[in-house]
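# Chains, contacts and geometry: an overview
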Amino acid sequence: MTLPGPVTFFAGENGSGKSTLLEALAVVAQLPTVGATEAVRDDSLAAARKLGRALTAVWRGRTHRGFFLRAEDFFGFVQRLQRERAELEARLEEVDREYVGRSELARRLARGPAAASLGAMEASYGKDLDANSHGESFLRLFRSRFVPNGLYLLDEPEAALSPQSQLGLVAMMSEMVEQGGQFIIATHSPLLMAVPGATIYSFDDSPLREVAYDELDGVLLFRDVLAAPERYMRRIWEVGG
């Protein structure tokens, strides 16, 4: 399986295996995980780690920049940030108590590491990432974590994004690709998969095969529905009733 360009999509029905392969690639690549815990320790990724041990990766250029994100894990990541923030704030309060009566310079020096970490967190994510809507938090995360020459493995990022926000993500991806970034994305979104020049693998066939955008079942279905939504939905509604 080759990943010849900067953007590759894994497409297919639920249960087709696209997310499992993406998870295994995240284990092989040893990327940081946006979630409650890292992929190498996440109990839910035990099967992906087993698959990862069976894979052989050949790199044109190895990077440890970037991250792995499953949309379902984003809430856990926010909780992780909240825990880290609380620990840093508790450390600052502890320093303030310990340095009562001592010089201001000594107190500032003692507060330095925790204050710097807290400042960096707020600069990246704001004071309260959870205060934004789910979609806004997603985009803010992407803006703060996208760096040049990074590898980004994203599992169904459209889950939290409106159509307009999905296009915003595409714009950010374009900027990162110009700076050497690479994306591998498991998705159902016809909007995301319309990225020009992207490689698309279908997981609905065995073995996996590269397909054109216009051949995707999901794309054809969306076009049929949008061409005549009332007629299409009425037919399904009557069958369901």
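The paragraphs below set out a description of the structure included in this document.

Reading the values: the criteria
- Residues numbered from 1 in each chain as written.
- Predicted model: local features only at pLDDT ≥ 70, side-chain atom pairs only at ≥ 80, totals over all residues.
- Heavy atoms only, no water.
- Helix = DSSP H or I, 4+ residues; strand = E, 2+ residues; numbered from the N terminus.
- Buried < 20%, exposed > 50% of the residue type's maximum accessible area, 1.4 Å probe, protein only.
- Contact = heavy atoms within 4.5 Å.
- Areas by Shrake-Rupley, 256 points an atom, 1.4 Å probe, with all protein chains shown as cover.
- Pairing = 2+ DSSP bridges.
- 1 Å grid on protein atoms, 1.4 Å probe; cavity = no way out; pocket = protein on both sides within 12 Å on 5 of 7 lines; lining within 4 Å.
- Points joined across faces, edges and corners; volume = space filled by probe spheres on them.
- Nonpolar A, V, L, I, M, F, W, Y, C, P; charged D, E, K, R; others polar.
- Core = buried A, V, L, I, M, F, W, Y, C linked by side-chain atoms within 4.5 Å.
- Expected span 1.5 Å × (residues − 1).
- Phe/Tyr/Trp six-rings, centres within 6.5 Å; stacked < 30°, edge-to-face > 60°.
- Lys NZ or Arg CZ within 6 Å of the ring centre and 35° of its normal.

## Focus on the overall build of the chain
Per the secondary structure count, the chain includes nine helices and seven strands. For the chain, the proportion of its 241 residues judged to be buried stands at 40%. Pairs at least 24 residues apart make up 73% of the contacts formed inside the chain by residues separated by at least 6 positions. Total accessible area on the chain is roughly 13,600 Å²; 53% of this is exposed by carbon and sulfur atoms.

## Points about the pairing of strand β1 (residues 7-11)
Where burial is concerned, most of β1 is hidden: five out of the five residues are buried. Pairing of β1 with strand β5 (residues 182-186) involves four bridges; the strand directions are parallel. Across the sheet, residue Phe9 finds its bridge partner in β5, namely Ile185. The sheet contact formed by β1 and strand β6 (residues 199-202) spans four bridges and is parallel.

## Some remarks on the layout of surface pockets
What the largest pocket holds in volume is close to 680 Å³. Along the wall of the largest pocket there are 24 residues; nearest its centre are Leu3, Leu25, Ala57, Val58 and Trp59. Broken down by secondary-structure element, the contributors of at least two residues to the lining of the largest pocket are α1 (18-29), β4 (151-155) and β5. Among the elements that take part in the lining of the largest pocket, α1 stands out by supplying four residues, more than any other. In terms of residue class, the lining of the largest pocket is made up of 14 nonpolar, nine polar and one charged. Computed from the structure, the second largest pocket encloses a volume of approximately 350 Å³. Lining the second largest pocket are 17 residues, with Gly12, Glu13, Asp204, Asp217 and Gly218 positioned closest to its centre. Its residues assigned to classes, the lining of the second largest pocket shows six nonpolar, five polar and six charged.

## Digging into the pairing of strand β3 (residues 66-70)
Among the five residues of β3, five are classified as buried, and the element is accordingly described as predominantly covered. Residues Gly66, Phe68 and Arg70 of β3 are buried on one face, and the alternating residues Phe67 and Leu69, pointing to the opposite face, are buried as well. Examined bridge by bridge, strand β2 (residues 33-34) and β3 share two bridges and lie parallel to one another. Each residue of the ladder has a partner; that of Val34, found in β3, is Leu69. Inspection of the sheet shows β3 paired to β4 by five bridges, in the parallel sense. Within β4, the residue paired with Phe67 across the bridge is Tyr152.

## Description of the nonpolar core
Inside soluble globular proteins, nonpolar side chains tend to come together where they are buried. Grouped together as the largest cluster of nonpolar side chains are 30 residues, with contacts concentrated most on Phe142 and Phe146. Elements with a contribution of two residues or more to this core: β1, β3, α5 (134-145), β4, α6 (163-178), β5 and α7 (190-193). In terms of residue count, α6 provides more of this core than any other element does, five residues in total. With residues up to four places along the chain from it excluded, the contact list for Phe146 reads Phe67, Tyr152, Leu169, Met172, Met176 and Phe183. Leu22, Ala26, Leu45 and Ala186 belong to the second largest nonpolar core, which has 15 residues in total.

## What about α1?
Since the α-helix advances by 3.6 residues per turn, residues separated by three or four positions end up pointing in the same direction. Given a rise of 1.5 Å per residue, 12 residues ought to cover 16 Å, and the 17 Å separating the end C-alpha atoms of α1 matches this to within 8%. Among the 12 residues of α1, nine are classified as buried, and the element is accordingly described as predominantly covered. Packing partners of the buried residues in α1 comprise β1, α2 (46-54), β3, β4 and β5. Two residues or fewer after α1 comes Gln30, characterised by a positive phi angle close to 55 degrees.

## Re the packing of aromatic side chains
For any pair of aromatic rings, geometry is given as the distance between the ring centres together with the angle between the planes. The final tally for this structure, using the stated rule, is eight aromatic pairs. Ring centres of Phe142 and Phe146 lie 5.4 Å apart, and the angle between their planes is 15 degrees; on these two criteria the pair is classed as stacked. Residue classification places Phe146 among the buried positions, given a relative accessible area of 9%. Ring pairs connect the aromatic residues Phe67, Phe142, Phe146, Tyr152 and Phe183, which therefore count as one cluster. The ring of Tyr232 has Arg235 lying over it, and the distance from NZ or CZ to the ring centre is 5.5 Å.

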